[in-house]
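Single-letter residue listing:
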Amino acid sequence: MNWDSSEINSLTDMRLKRINTQIKWISNVQEDPEKNKRLAAQECVVCFYTTQICGNAIMRYDCQKCGITDTWPNTCTPKLCKACSAELKACRSCGADLNLVERA
Ligand SMILES: [Zn+2]
Ligand SMILES: [Zn+2]
């Protein structure tokens, strides 16, 4: 690399983009702009607004509460089945409270 200004500018640009991505993420988790969609997906704000890299494959998973085996359309399989997530009001992906409120 010859470290001219165009090289440094391109690296700087990458870093600025990264900051903007993080700012956008913080604002999404705080403001929850797609709350209805998120609740329909039964996910907490962290899981819903975080971009996950998922492989395209039909996967089997076991619900960690009731043990039922179900299929999922990609490799980012959930922890809970739809019914257990609804019953516990917990995030399907990670199992935390759906609104990230600590319980007594
Ligand atoms: Zn279940
Ligand atoms: Zn979650």
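Residues numbered from 1 in each chain as written. Chains lettered and ligands numbered in written order. Predicted model: local features only at pLDDT ≥ 70, side-chain atom pairs only at ≥ 80, totals over all residues.

## Looking at the overall build of the protein
Reasoning step 1: Across its full length, the protein carries four helices and two strands.
Reasoning step 2: In the protein, the order of α-helices and β-strands from amino to carboxyl end is α-α-α-β-β-α.
Reasoning step 3: Against the 2.2 N^0.38 benchmark of 13 Å for 104 residues, the protein shows a C-alpha radius of gyration of 18 Å, more extended than a compact globule.
Reasoning step 4: Projected onto its principal axes, the C-alpha positions of the protein cover 60 × 35 × 25 Å.
Reasoning step 5: For the protein, with 104 residues in total, the buried portion stands at 16%.
Reasoning step 6: Partitioning the contacts of the protein with sequence separation of at least 6, the portion at a separation of at least 24 is 25%. (Helix = DSSP H or I, 4+ residues; strand = E, 2+ residues; numbered from the N terminus. Rg over C-alpha atoms; globule rule 2.2 N^0.38 Å. Buried ≥ 20, exposed ≤ 12 C-beta atoms within 10 Å, placed from the backbone. Contact = placed C-beta atoms within 7 Å.)

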